[in-house]
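Descriptive analysis of the structure
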Number of protein chains: 12
Amino acid sequence: MKIMIINGPNLNLLGIREPDKYGNVTFEAYYIYLKEKFPEILIEHCQSNVEGELINFLHNAGFSYTGIILNAGAYTHTSIAIGDAVSAIKTPVIEVHLTNVFAREEFRHNSFISKHAKGVICGFGLKSYALAIESFF
Amino acid sequence: MKIMIINGPNLNLLGIREPDKYGNVTFEAYYIYLKEKFPEILIEHCQSNVEGELINFLHNAGFSYTGIILNAGAYTHTSIAIGDAVSAIKTPVIEVHLTNVFAREEFRHNSFISKHAKGVICGFGLKSYALAIESFF
Amino acid sequence: MKIMIINGPNLNLLGIREPDKYGNVTFEAYYIYLKEKFPEILIEHCQSNVEGELINFLHNAGFSYTGIILNAGAYTHTSIAIGDAVSAIKTPVIEVHLTNVFAREEFRHNSFISKHAKGVICGFGLKSYALAIESFF
Amino acid sequence: MKIMIINGPNLNLLGIREPDKYGNVTFEAYYIYLKEKFPEILIEHCQSNVEGELINFLHNAGFSYTGIILNAGAYTHTSIAIGDAVSAIKTPVIEVHLTNVFAREEFRHNSFISKHAKGVICGFGLKSYALAIESFF
Amino acid sequence: MKIMIINGPNLNLLGIREPDKYGNVTFEAYYIYLKEKFPEILIEHCQSNVEGELINFLHNAGFSYTGIILNAGAYTHTSIAIGDAVSAIKTPVIEVHLTNVFAREEFRHNSFISKHAKGVICGFGLKSYALAIESFF
Amino acid sequence: MKIMIINGPNLNLLGIREPDKYGNVTFEAYYIYLKEKFPEILIEHCQSNVEGELINFLHNAGFSYTGIILNAGAYTHTSIAIGDAVSAIKTPVIEVHLTNVFAREEFRHNSFISKHAKGVICGFGLKSYALAIESFF
Amino acid sequence: MKIMIINGPNLNLLGIREPDKYGNVTFEAYYIYLKEKFPEILIEHCQSNVEGELINFLHNAGFSYTGIILNAGAYTHTSIAIGDAVSAIKTPVIEVHLTNVFAREEFRHNSFISKHAKGVICGFGLKSYALAIESFF
Amino acid sequence: MKIMIINGPNLNLLGIREPDKYGNVTFEAYYIYLKEKFPEILIEHCQSNVEGELINFLHNAGFSYTGIILNAGAYTHTSIAIGDAVSAIKTPVIEVHLTNVFAREEFRHNSFISKHAKGVICGFGLKSYALAIESFF
Amino acid sequence: MKIMIINGPNLNLLGIREPDKYGNVTFEAYYIYLKEKFPEILIEHCQSNVEGELINFLHNAGFSYTGIILNAGAYTHTSIAIGDAVSAIKTPVIEVHLTNVFAREEFRHNSFISKHAKGVICGFGLKSYALAIESFF
Amino acid sequence: MKIMIINGPNLNLLGIREPDKYGNVTFEAYYIYLKEKFPEILIEHCQSNVEGELINFLHNAGFSYTGIILNAGAYTHTSIAIGDAVSAIKTPVIEVHLTNVFAREEFRHNSFISKHAKGVICGFGLKSYALAIESFF
Amino acid sequence: MKIMIINGPNLNLLGIREPDKYGNVTFEAYYIYLKEKFPEILIEHCQSNVEGELINFLHNAGFSYTGIILNAGAYTHTSIAIGDAVSAIKTPVIEVHLTNVFAREEFRHNSFISKHAKGVICGFGLKSYALAIESFF
Amino acid sequence: MKIMIINGPNLNLLGIREPDKYGNVTFEAYYIYLKEKFPEILIEHCQSNVEGELINFLHNAGFSYTGIILNAGAYTHTSIAIGDAVSAIKTPVIEVHLTNVFAREEFRHNSFISKHAKGVICGFGLKSYALAIESFF
């Protein structure tokens, strides 16, 4: 079982950016925790602020991994191209968000990814990633 | 740790209604499985097709339980009153859906509950309930 | 041949409410007439002002009756849950309205039921029910 | 009792066009059946693909016939002019559709005719015409 | 002079729910105050979280009381059926709200009741009920 | 000076259709009056209920007449094609309406013709035609 | 206790304009009645048809009076500037309307003032002013 | 026969402002021409850039003049209050515009005045005023 | 190989109408060129300004020709009926436009035909027809 | 070099109104500072709460000054007439706002002035005026 | 004659991604065919999933090539920046799509490129590229 | 004092692209001028056509520079991700545009950046950058 976590724009600032809102744990720290919590799974991780790089990541992992966990950040709401990539690949994709996007601005309520994802988990902070991994069992 | 699962309209037909779409497991059968899987938690369950009854359930559980897992079915998309009830109580509420509502009709993309929920989990079938319980740990 | 007529909110006032608009015949009186006109059919009737009760009625009749004639009144325009119930059951449903809803306010032009109904008949007053019964022959 | 049936665009293809969707009975064949079923009524029929011709038909029949049964096809959704013609004449008009237009594309949900019609019957295939005739008794 | 006060969903939590927003006086306590303030009037009171129950209350009081004071809570914004009930009865109805609904979310600005009410009073907390009673003198 | 008056759908019923709204003078009678009032002008007149015929009329008159007075009736609000024809010809076109279309239904407020017309005159009954002729002096 | 009543456009015609709709009592006459009914309060009154004058009135009274009762007439629906003025001053403002604006045209349903007002009272004719004064006790 | 011409904002710049678009004739010059052309009519004229002043002008002339010709300029599209004033007075009002407003920006296509006006004339430059006077004969 | 070219409203003016925009070649002249360029194909051509005539043309050619090239002009954007005809016939239809409709007014961006067409070619002037023919090889 | 600063509604309250939001410096105080900072420029200033007065100010300065700095306050978002005045005059106009209007309510995002202004500066408090003057060098 | 083909996001998966929908020919294979079919033209090709890279490609080819054939994939519908790049360069651009985008989801009907393109060709699969090349002859 | 200027898509073409619209000065030339004009400030500059690169630039400068001047070009109107980056960093950002974007197409009126920017300056050509620098004094 091989799972790829793909993080999108501004998520490299996690732990630095608005810590009262997003906490002060970096994704790298949480990533170590995840690997310990699920020792039987091969978990990998990549991040980019570039929309097209996320598409490349999806293409690369999308025909051989067991699952992809995708937090596309703000591109969730604007990128038809990422949605198309999710639809084009074979690996099932779980869409996650740290915050409850539905409790935020109107323009964050639409997702071009959800339609092609297997499921959506949002609002549980970093724990959203762990729940997504659980969903593959 | 005491968790209340509240199911809304038409969910009493689970296992009977469109089995190719929703599976042929009834909620009662899954409920037994859940109790076995999480023996350390007190899990309770109630269902109604009446919008106001769901509000009553939320009021009753909303000041003493550890968590509420709410699948409000189609009322999710039309009931400001249930959203208000979720906001009025003290117990955190997780919104769940069996299907990926974002891959369905436009009118199922809006939720009056999400805004007041702690998080949202959808698209994992009955497993959505188990993931919601996990989120309380 | 067994047909269930389900009437929704405010239809219990028929004959009393705005008689110049809806006539002064009560549904009960018309119900007797219908039974006489179609003696070979078992016709039953129930009414509720509660949205969830209408869903219960649909569930109860929806797996054993030949047909259901549903006048959901104002819930027609707001209830996704009743639409889902119509979709979930096996018995075909005919949507009827006393008045021509399309000649009334804009918000009465949308129906969450029509999509799942076998057909729609509106604008013929109480005769709409008789035409709906005819449609089953 | 004299009734005029007016059919609009593409209805001349009935029985030929997409038979799995519309059946393989031509309107002419059904027309013979209708005349036999209602021998006491004078039923006439005309068809055109031209919007303005339908207006002419309405003007011609609209001051002397007992009733008009109008299936304006796709013009139903775009023609204010046909709606005005229905409003301008004296004979009551019943709007019919073979299919349940509300279960089809969004742009077929609006009708400029309904507002001026006596009633609407849709979704019963060719039987819609027979029910419309019944409504005049 | 006989006045019926009808309260809708979540108003049973008044004094308990978000006291910093709605105050810590229960409706029952205020109800006693109202009866003392207007000793010459027969004031009655009922509450339900069920939409259809509110319709029943309106039907019951709507042909014999002098006035009805209706706080339909969140159903104000979604219930065409309650609006129809207000329109169907004979007793004049005053729509009241504790908070200034126009200073809240967009979806609380629409009311299906106002159109059929005699008047609207909102934003004065529990005093809104007293002003509504004054309006009948 | 040669002026063509082109009338669109349902205007052939003028004097017959809803006389309390449109008066009981036929266009033919008014046409005689117009010719007497403006003896120095050659006034011609044509009418059709067919949208494409109105386009033909515009093409025929649009390169040789001094002016065209166009009452396109309900096609005003739906026909981009007539608007294109007005734009394609050389003769200036005055758009007229008997009634004040802006005091009627919302869907009569848009005109695809106005944008290409020289001017618009509406609301003066049959006198609208005379004012349009005056505008050419 | 010092209260300023500010009336907006066309309210100077009260008693003259459409008496069957607005009654034939002038505001001046009612003003005398109000002063008699509340002898312990200093009530003042001003009116203007000019939007900016109403802003001046609000500025003048807005830092020293106990309350302001504002009937901004049609400016209610279009004036962000008056809304800003209400927000900028210190004195609480009650928004009143003679008629039930929600039962009138769509464009009268929006108010730029409500958001900043303490409360809203509408639909009680001239009595709306008296109820507004009551609300200050 | 006494006719009042009321001009709104920016019309005082006529002849100075964008002469290639509006011509270089001032309204005063045209006003002299109008008085000569219609010697049998008493024509008066007033102008203001202030919305409320236009309302005052309408009130002053609206109960004693034969007709009012109103060019409310840009207030046409934003002022519900002027529309109300037109509706409140007794004298019939003709709405005129120099340019064809329908061939201009989208936000100039709506008019709050048209609904209450007797008729609308636009697009004929200054001649629009003369045609409006003709309409009173 | 038999191809039918169907041209819609105002295309009969090609070469005459706004030559700086559409060129000064008539369709007839281009038609001769097309026949010479593709001598191995039987190319036919018809034109009408009448919407219903275009439907007739589609019905006539739609069950026996190899392909149809349809330039429905302005009806493209308003005619659901032509779209239905394209859907009802068997021959594949290529939608063409002389100009790039997407670079023109908003209301020309919607097409009721595209959905049922095999492909769309626009913006190449008369060459659009030649490219459409090429597409059948 | 002669520059006119025109301030609109509620800006006379600057320094008094919501000081935590707008600061406690009055415009008069800042005006003195501006004159000292730019001694080589003739700076003038006027303010009104009346929309039409602002139009008068624009007309008066608009044909002889080097530049106009316009803070039209809330009229920015509702006044087509002020926008027309800016367009009608010759002097270039810079639109300024104290606050970043784009970070405020939706209805403050539209401006009828921007389209005709030379440039827009907002969000720098009173410094916005100084930057606007700089832009003329 | 030098033509650049620029392909956007997900087009690198052609032949692999959903072969029943897009065929199993890779673009590279088709590219060889194109070069053989048009031996007299210099055809080049580049692809990227990164929006900004496509802009770079357009800048690089846009001042020296005879033509550009752009299939911007999903960026077609969201990228104003690519539209601006097409507008900024000198080489004419033909917009192509493999599928008939108008027969797909609503959000694929808008294109920010079409407005600046010379023409649009869509729905002919890989043949769309060959037709685009033909258009340059 | 250290200021970073970040330029977005197509701005590398400045001086080359449409010189009659944007002038023929390159940004590099202007950049030298800026450094000379403000010798006491450290001004740096970077440009990319890639959305994600702009986010990287913002992250890099956003925790140590005094100010950022951001001209995000067309990404201004579509990129929620850049808006999030502006919100996530600590350095204040001034949004600038060369042209008055509000006088251009509707889709350029929305900005996802403005909401998080300190201020907005647009319409002054390259001088917009100088004014933005001034704003930091």
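Residues numbered from 1 in each chain as written. Chains lettered and ligands numbered in written order. Predicted model: local features only at pLDDT ≥ 70, side-chain atom pairs only at ≥ 80, totals over all residues. Heavy atoms only, no water.

**What about the overall build of chain A?**
- Check the secondary structure of chain A and you find five helices and five strands.
- Counting from the amino terminus, helix and strand elements in chain A follow one another as β-α-α-β-α-β-α-β-β-α.
- Against the 2.2 N^0.38 benchmark of 14 Å for 137 residues, chain A shows a C-alpha radius of gyration of 14 Å, consistent with a compact globule.
- Taken along the three principal axes of its C-alpha coordinates, chain A extends 40 × 35 × 25 Å. (Helix = DSSP H or I, 4+ residues; strand = E, 2+ residues; numbered from the N terminus. Rg over C-alpha atoms; globule rule 2.2 N^0.38 Å.)

**Considerations on the arrangement of the chains**
- With no contact between them, chain B and chain G keep their nearest C-alpha atoms 20 Å apart.
- Kept free of each other, chain G and chain I leave a smallest C-alpha distance of 25 Å between them. (Contact = heavy atoms within 4.5 Å.)

**A few points about the confidence of the model for chain A**
- In this model, chain A carries a mean pLDDT of 93, and residues with pLDDT of at least 70 account for 100%.
- Model confidence for the complex is summarised by a pTM of 0.90, with the ipTM given as 0.91. (pLDDT = per-residue confidence, 0-100.)

**Points about the packing of aromatic side chains**
- Across all of its chains, the model carries 68 aromatic pairs over all chains by this definition.
- With 5.0 Å between their ring centres and 65° between their planes, Phe-27 of chain L and Tyr-129 of chain L make a pair best called edge-to-face. One end of the pair, Phe-27 of chain L, is in helix H2 (residues 27-37); the other, Tyr-129 of chain L, is in helix H5 (residues 127-134), and 102 residues separate them in sequence. Like Phe-27 of chain L, the residue Tyr-129 of chain L is buried in the burial classification.
- An aromatic cluster is built from Phe-27, Tyr-30, Tyr-31, Tyr-33 and Tyr-129 of chain A, whose rings are joined through pairwise contacts.
- The ring centre of Tyr-65 of chain D lies 4.3 Å from the NZ or CZ of Lys-2 of chain D, which sits over that ring. (Phe/Tyr/Trp six-rings, centres within 6.5 Å; stacked < 30°, edge-to-face > 60°. Buried < 20%, exposed > 50% of the residue type's maximum accessible area, 1.4 Å probe, protein only. Lys NZ or Arg CZ within 6 Å of the ring centre and 35° of its normal.)

**Description of the relation of the copies chain B and chain E**
- When chain B is brought onto chain E, the operation consists of a screw motion whose angular component is 120° and whose axial shift is 0.0 Å, with 0.0 Å RMSD remaining. Those values place the two copies in the arrangement expected of a three-fold rotation axis.
- Looking at the interface residues of chain B, only 18% of them are also at the interface in chain E, so each copy uses its own face. (Least-squares fit on C-alpha atoms with pLDDT ≥ 70 in both.)

**Things to note about the sheet that holds strand S5 (residues 119-122) of chain D**
- Taken in spatial order, the ten strands make up an open sheet running S2(C)-S1(C)-S3(C)-S4(C)-S5(C)-S5(D)-S4(D)-S3(D)-S1(D)-S2(D), and their pairing is mixed. Each of the sheet's edge strands pairs with one partner strand only, and the pair in question is strand S2 (42-47) of chain C together with strand S2 (42-47) of chain D. Taken pair by pair, the neighbouring strands of this sheet meet at an average axis angle of 20°, ignoring direction.
- Sheet topology note: the strand S1 (residues 2-7) of chain C/strand S3 (residues 67-71) of chain C ladder contains five bridges and is parallel. For Ile-6 of chain C, the partnering residue across the bridge sits in S3 of chain C and is Leu-70 of chain C.
- Where helix H3 (residues 51-61) of chain C meets the sheet, its contacts fall on S1, S2 and S3 of chain C, and the angle it forms with S1 of chain C comes to roughly 175°. (Pairing = 2+ DSSP bridges. Axes fitted to C-alpha atoms, helices over the stretch in contact; angles between N-to-C directions.)

**A short note on helix H3 (residues 51-61) of chain A**
- Most of H3 of chain A sits inside the fold, with eight of its eleven residues counted as buried.
- Three or more residues of H3 of chain A are buried, namely Glu-51, Gly-52, Leu-54, Ile-55, Phe-57, Leu-58, His-59 and Ala-61 of chain A.
- The inward-facing, buried residues of H3 of chain A contact strand S1 (2-7), strand S2 (42-47), strand S3 (67-71) and helix H4 (80-88) of chain A, helix H3 (51-61) of chain K together with helix H3 (51-61) of chain L.

**Notes on the pattern of salt bridges**
- Applying the stated rule across the entire model yields 27 salt bridges over all chains.
- The residue Glu-105 of chain D makes a salt bridge to Arg-108 of chain D at a minimum N-O spacing of 2.8 Å.
- By relative accessible area, Glu-105 of chain D is classed as partly exposed at 22%.
- One salt bridge connects Asp-84 of chain I with Arg-108 of chain D, and the closest N-O pair in it is separated by 2.8 Å. Of this pair, Asp-84 of chain I sits in helix H4 (residues 80-88) while Arg-108 of chain D is found in the loop between strand S4 (93-97) and S5, placing the two residues in two different chains. When sorted by exposure, Asp-84 of chain I lands in the same class as Arg-108 of chain D, which is buried.
- Shared partners join several salt bridges into a network, and the residues in it are Asp-84 and Lys-115 of chain A together with Glu-105 and Arg-108 of chain K. (Salt bridge = Lys/Arg side-chain N within 4 Å of Asp/Glu carboxyl O.)

**Some thoughts on the interface of chain B and chain E**
- Facing the 17 residues of chain B at the interface are 17 residues of chain E.
- Together, the buried faces of chain B and chain E total about 1400 Å²; carbon and sulfur atoms form 58% of this surface.
- If you sort the residues of chain B by the area they bury against chain E, His-59, Ile-80 and Asp-84 of chain B come out on top, with a joint share of 34%.
- Where chain B touches chain E, the interface holds two salt bridges.
- Scanning the region where chain B abuts chain E turns up six residue pairs in polar contact (both at pLDDT 80 or more).
- Mapped by element, the contributors of at least two residues to the side of chain B that touches chain E are helix H3 (51-61) and helix H4 (80-88) of chain B.
- Classifying every residue of the side of chain B that touches chain E gives eight nonpolar, five polar and four charged. (Buried area = accessible area lost by both parts, 1.4 Å probe. Polar contact = N/O pair within 3.5 Å; in protein donor to acceptor, adjacent residues only side chain to side chain. Nonpolar A, V, L, I, M, F, W, Y, C, P; charged D, E, K, R; others polar.)

**Here we look at the interface of chain D and chain C**
- Across the contact, 20 residues belong to chain D and 20 residues belong to chain C.
- Buried surface at the junction of chain D and chain C, both sides included, amounts to about 1700 Å², of which 59% is carbon and sulfur.
- It is Phe-102, Val-120 and Phe-124 of chain D in chain D that bury the most area against chain C; as a group they hold 31% of the surface buried on that side.
- Where chain D packs against chain C, one counts zero salt bridges.
- The interface formed by chain D and chain C holds ten residue pairs in polar contact (both at pLDDT 80 or more) in total.
- Residue assignment for the side of chain D that touches chain C shows that the elements contributing at least two residues are S5 and helix H5 (127-134) of chain D.
- Here the element with the most residues in the side of chain D that touches chain C is S5 of chain D; it accounts for four residues.
- Split by residue class, the side of chain D that touches chain C holds eleven nonpolar, five polar and four charged.
- Direction of pairing for strand S5 (residues 119-122) of chain C relative to S5 of chain D: antiparallel, over a ladder of three bridges. Bridged to Val-120 of chain C within S5 of chain D is Cys-122 of chain D.

**Digging into helix H2 (residues 27-37) of chain I**
All names here are of chain I.
- Taken as a whole, H2 has its buried residues at Phe-27, Tyr-30, Tyr-31 and Leu-34. Considered in projection along H2, the buried side chains sweep an arc of 105° and stay on one side of the axis.
- Against strand S1 (2-7), strand S2 (42-47) and helix H5 (127-134) lie the buried residues of H2. (Arc of directions from axis to C-beta.)

**Observations regarding the pairing of strand S3 (residues 67-71) of chain F**
Residue and element names in this part refer to chain F.
- Across the five residues of S3, five count as buried, placing the element largely inside the fold.
- Burial along S3 is two-sided: the residues Gly-67, Ile-69 and Asn-71 and Ile-68 and Leu-70 are all buried.
- As paired elements, S3 and strand S4 (residues 93-97) share three bridges and run parallel to each other. Its bridge partner lying in S4, Ile-68 is registered against Val-93.

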